[in-house]
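# Chain and residue survey
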Amino acid sequence: MSTSTKVTEVRLASRPVGRPTLDDFSIVEVEVPGPGPGEILVRNVEMSVDPYMRGRMSAAKSYIAPFEVGKVMDGGAIGVVLESTVDGFEPGDHVLHGFGWRSHAVLPAKKAHKVDPEAAPLGAYLGVLGMPGLTAYSGLFRVAEFKEGDTVFVSGAAGAVGSVVGQLAKLRGAKRVIGSAGSAEKVRHLLDDLGFDAAFNYKDGPVVEQLKAAAPEGIDVYFDNVGGEHLEAAIASANVHARFTICGMISVYNATEPPAAPRNLSQVIGKRLTIKGHLVGDHYDLQPQFLAEVAPLVKEGKLRYEETVVEGLENAPQAFIDLLDGVNTGKMLVRL
């Protein structure tokens, strides 16, 4: 058994002001000891970059601890076990864990979950069958209490979460599914590939006008990944007793000044809207149900997913910045 392993790590070099830059990251090589009792050594093969990580780059208190300046970052990853001191984990096993942003990780075996590379492509366990997929599933069905016949609006609809939300709503009998995205190609993808009933490029004009044109009878469910102008437009188009899942607000993550609140919040009263914040960590009890329902849909091709894959750990910081800029379609992954 080796005494130490050379590891490449991506560390937070400084807390960004506004949009992160490459100078906010550093890439270093260190040695880590071999696994101790109860631990495994994993070589990472794919890792995830996600919008929530922008919040962790600031020092503000939130629902998850901030990254520490000068320390390695972390996030979802898939790796191959190289060494194990634990029964049930053998060299060659593929595992899902939370120690990304590095080439190798020594971690407690209890924080790793074995995955089957034969059952699904490895990237799927970080996307459609992983945290983003469960976020979509729980946010649509539990938080928004979706029901057959609803008209559903999804912002950021070409991303890893939004694309699953729209497809699940269609599969469960939505009357109409509408998505917003940031390019003509993404709009085409939503309509032609994912089966959305309507989609628009939010850069083409005021969101409130484009949504009203796409949903002339109003919306019953809004799944918010963007916030800002999209949230204001959704309130304007909401039917009485509409339900909103507030999952993300990527439009304000890099803001240095507080954004203007939706100017039409008073409509929440007359329309009796239900607006709920959504964190996937509250809903992991749904994971077995989610996998049992969604994995067959993926395997049968009834639920499609896209991945934007960036090669090389050294390119992970740029991949993350590109994610915040909306460059990706579907799940953004870094292949090591």
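Quick notes on the rules
Residues numbered from 1 in each chain as written. Predicted model: local features only at pLDDT ≥ 70, side-chain atom pairs only at ≥ 80, totals over all residues. Heavy atoms only, no water. UniProt positions renumbered as here; feature names shortened; annotations may be inferred. Helix = DSSP H or I, 4+ residues; strand = E, 2+ residues; numbered from the N terminus. Core = buried A, V, L, I, M, F, W, Y, C linked by side-chain atoms within 4.5 Å. Buried < 20%, exposed > 50% of the residue type's maximum accessible area, 1.4 Å probe, protein only. Contact = heavy atoms within 4.5 Å. Lys, Arg positive; Asp, Glu negative; His and termini not counted. Salt bridge = Lys/Arg side-chain N within 4 Å of Asp/Glu carboxyl O. Polar contact = N/O pair within 3.5 Å; in protein donor to acceptor, adjacent residues only side chain to side chain. Phe/Tyr/Trp six-rings, centres within 6.5 Å; stacked < 30°, edge-to-face > 60°. Patch = residues over 30% accessible without salt bridge, like charges linked within 9 Å, V, L, I, M, F, W, Y side chains within 5 Å. Areas by Shrake-Rupley, 256 points an atom, 1.4 Å probe, with all protein chains shown as cover. Axes fitted to C-alpha atoms, helices over the stretch in contact; angles between N-to-C directions. Parallel < 35°, antiparallel > 145°, perpendicular 65-115°, else oblique. Left-handed = near helix turned anticlockwise from the far one by under 90°. Nonpolar A, V, L, I, M, F, W, Y, C, P; charged D, E, K, R; others polar.

Labelled according to an unreviewed UniProt entry, the chain appears under the name NADP-dependent oxidoreductase, originating from Amycolatopsis cynarae.

## Focus: the UniProt feature "domain: Enoyl reductase (ER)" (unreviewed entry) in the chain
UniProt annotation of "domain: Enoyl reductase (ER)" (unreviewed entry) refers to residues 20-334 when read in the numbering used here. Secondary structure over residues 20-334 splits into 26% helix and 26% strand, and the C-alpha atoms at its two ends are 18 Å apart.

## Here's the deal with the nonpolar core
Membership of the largest hydrophobic core comes to 45 residues, with the highest contact counts inside it found for Leu140, Val152, Leu168, Leu190, Val294 and Leu303. No other element matches the 5 residues that helix 2 (residues 131-143) contributes to this core. Contacts of Val152, omitting those with residues within four sequence positions, involve Phe146, Ala169, Ala174, Arg176, Val177, Ile178 and Val221. Membership of the second largest hydrophobic core comes to 21 residues, among which are Val10, Phe67, Met73 and Phe320.

## Quick word on the environment of Ala174
With respect to the helices, strands and loops of the structure, Ala174 is situated in the loop between helix 3 (162-171) and strand 9 (176-181). On a C-alpha basis, the gap between Ala174 and Pro206 in space is 25 Å, while along the polypeptide they are 32 residues apart. Once you skip the residues sitting within four places of it in the chain, Ala174 turns out to touch Phe146, Gly149, Asp150, Val152 and Ala169.

## As for the side chain of Asp24
Relative to the helices and strands, Asp24 resides in the loop between strand 1 (4-12) and strand 2 (25-33). Despite its burial, Asp24 pairs with no opposite charge, the nearest such side chain being Arg54 at 7.3 Å. A polar contact is formed between the side chain of Asp24 and the backbone nitrogen of Thr21, at a distance of 2.9 Å. With near-sequence residues (within four places) excluded, Asp24 lies in contact with Arg11, Leu12, Ala13, Ser14, Arg15, Pro16 and Met57.

## As for the packing of aromatic side chains
Counted by the stated rule, this structure contains 9 aromatic pairs. Relative to Trp101, the ring of Phe25 lies with its centre 6.0 Å away and its plane at 10°, an arrangement referred to as stacked. Taken as a pair, Phe25 in strand 2 and Trp101 in the loop between strand 5 (94-97) and strand 6 (104-108) lie far apart in primary sequence, 76 residues in all. Overall, the relative accessible area of 9% leaves Phe25 in the buried class. Judged by centre distance (6.0 Å) and plane angle (25°), the rings of Phe153 and Phe200 are stacked.

## Quick look at a nonpolar patch on the surface
Together, Tyr63, Ile64 and Leu279 line one region of the surface with nonpolar side chains, adding up to about 260 Å² of accessible area. Inspection of the secondary structure puts Ile64 in the loop between helix 1 (52-56) and strand 4 (77-84). The exposure class of Ile64 is partly exposed, given its relative accessible area of 31%.

## A word on unusual backbone geometry
Backbone geometry at Trp101 places phi at a positive 65°, although glycine is not the residue there. Here Glu145, not a glycine, exhibits a phi torsion of approximately 50°, which is positive. Relative accessible area serves as the criterion here: at 46%, Glu145 is assigned to the partly exposed category.

## Structural notes on the packing of helix 2 against helix 3
Contact geometry of helix 2 with helix 3 gives a least axis separation of 8 Å together with a crossing angle of 50°. Relative to helix 3, the element helix 2 is oriented oblique. By crossing handedness, the relation of helix 2 to helix 3 is classed as right-handed. Here Gly133, Ala136, Tyr137, Leu140 and Phe141 of helix 2 lie close against helix 3, whose contacting residues are Val164, Val165, Leu168 and Ala169.

## Some remarks on the side chain of Asp150
With respect to the element layout, Asp150 can be found in the loop between helix 2 and strand 8 (151-154). Of note is the side chain of Asp150, whose polar atom sits 2.6 Å from the side chain of Arg243. Not counting residues up to four positions away in its chain, the partners in contact with Asp150 are Glu145, Ala174, Lys175, Arg176, Asp220, Val221 and Arg243.

## Digging into the packing of helix 2 against helix 8 (residues 287-299)
Close contact between helix 2 and helix 8 brings their axes to 10 Å; oriented N to C, the two are set at 100°. Taken together, helix 2 and helix 8 sit at an angle that is classed as roughly perpendicular. The residues of helix 8 that touch helix 2, namely those facing Gly133, Leu134 and Tyr137, are Gln287, Gln289, Phe290, Glu293 and Val294. When the residues that make up the contact of helix 2 with helix 8 are grouped by side-chain class, the tally is 4 nonpolar, 3 polar and 1 charged.

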